[in-house]
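Fold and geometry: a report
The primary structure of each chain is shown beneath.
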Amino acid sequence: MRSETVTTVVDAPHTAVFDFLADIENLPRWATEFARELKHERGDYKVVNGLGEFFFEIRADPATGVIDMLAGPTKDGLAVFPTRAVALSDGRTAYTFTMFQTPGMPDELFESQYASLKREFENIERVFAP
């Protein structure tokens, strides 16, 4: 299984970065291509993008900095996108996001989603720019 990881370091404290990224309501502010729209229906969140509508949830642990993002066409078919915010000794925060190419996913789709993620990391950097 192929994977790609994107990491950025932002000039902001861990708590601020973690709280922003772990809040599902902030998703459209930075994941502007993945979450063109965020819906809340019957207790579930869904993202809408060029590929359709997907269930979405976040499972976050402030003690470890883990922010697991899960998405899929059904609530029983969620794929995990592991991410983590790590406090650095100089007061900045590193944020890492790993994506996986699922079986049967065309290389072109994986590459386009990876390119999209890199563009969305620029949004995260803008949010925390001094």
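Per chain, residue numbering runs from 1 following the sequence as it is written. Side-chain atom pairs in this predicted model are given and counted only at pLDDT of 80 or more, local residue features only at pLDDT of at least 70, and totals for whole chains, interfaces and linings cover all residues. Excluded from the side-chain calculation are hydrogens and water; included are all heavy atoms of the structure.

1. Re the overall build of the protein
Counting secondary structure elements, the protein contains 3 helices and 8 strands. Numbering of helices and strands runs from the N terminus; a helix is a DSSP stretch of H or I covering at least four residues, while a strand is a stretch of E covering at least two. Put simply, the protein runs from its N terminus to its C terminus through helices and strands in the order β-α-α-β-β-β-β-β-β-β-α. Within these notes, the globule rule equals 2.2 Å times the number of residues to the 0.38 power, and the radius of gyration is based on C-alpha atoms. Here the protein has a C-alpha radius of gyration of 14 Å; the compact-globule value for 130 residues is 14 Å, and the two agree. Seen through its principal axes, the protein has C-alpha atoms that stretch 40 × 35 × 25 Å. Looking at the 130 residues of the protein, the share that counts as buried comes to 38%. Contacts are assigned to residue pairs that have any heavy atoms within 4.5 Å of one another. In the protein, of all internal contacts separated by at least 6 residues, the share reaching a separation of at least 24 is 46%. Counted as positive: Lys and Arg. Counted as negative: Asp and Glu. His and the chain ends are not counted at all. Lys charges are placed at NZ, Arg charges at CZ, Asp charges at CG and Glu charges at CD. Here the protein contributes 13 positive and 21 negative side-chain charges, whose respective centroids are spaced 2 Å apart. Whether a residue is buried, partly exposed or exposed follows from its accessible area with a 1.4 Å probe, protein chains only, as a fraction of its type maximum: under 20%, in between, or over 50%, in that order.

2. Some details on the pairing of strand β5 (residues 66-72)
Residues in a regular strand project their side chains so that they alternate between the two faces of the sheet. Judged by how many residues are buried, β5 sits mostly within the fold: 5 of 7 residues are covered. Across 7 bridges, the pairing between strand β4 (residues 52-61) and β5 is antiparallel. Residue Ile58 lies in a different strand from β5, and its bridge partner there is Met69. Counting the residues that bridge the hairpin from β4 to β5 gives 4 residues, and of these Gly65 lies at a positive phi of roughly 80 degrees. Strand pairing is assigned whenever DSSP identifies at least 2 bridges connecting the two strands. In the sheet, β5 pairs with strand β6 (residues 79-81) via 3 bridges, with the strands oriented antiparallel. Looking at the pairing, Ala71 lines up with Ala79 of β6.

3. Focus on the nonpolar core
Leu21, Trp30, Phe56, Met69, Tyr95, Phe97 and Ile124 are the most contacted members of the largest nonpolar core, which totals 31 residues. At the level of elements, β1 (3-10), α1 (14-22), α2 (27-30), β4, β5, β8 (93-100) and α3 (107-127) are the ones that each hand at least two residues to this core. Ranked by residue count, the leading element in this core is α3, at 5 residues. We call a set of buried residues a nonpolar core when its members are Ala, Val, Leu, Ile, Met, Phe, Trp, Tyr or Cys and they connect through side-chain atoms within 4.5 Å of each other.

4. Considering the side chain of Thr83
Positionally, Thr83 belongs in strand β7 (residues 83-87). Setting aside its immediate chain neighbours within four residues, Thr83 contacts Gly65, Val66, Ile67, Asp68, Met69, Tyr95, Thr96 and Phe97.

5. A look at the packing of aromatic side chains
Each pair of aromatic rings taken from Phe, Tyr and Trp, with Trp reduced to its six-membered ring, is defined by centres within 6.5 Å and is described as stacked if the planes are under 30 degrees apart, edge-to-face if over 60, and tilted in the remaining cases. Scanning all chains against the criterion turns up 4 aromatic pairs. An angle of 90 degrees between the planes, with centres 5.6 Å apart, marks the rings of Phe20 and Phe128 as edge-to-face. Placement of the pair is Phe20 in helix α1 and Phe128 in the segment after α3, with a sequence separation of 108 residues. Owing to a relative accessible area of 9%, Phe20 belongs among the buried residues under this scheme. You can call Phe128 buried: its relative accessible area is 12%.

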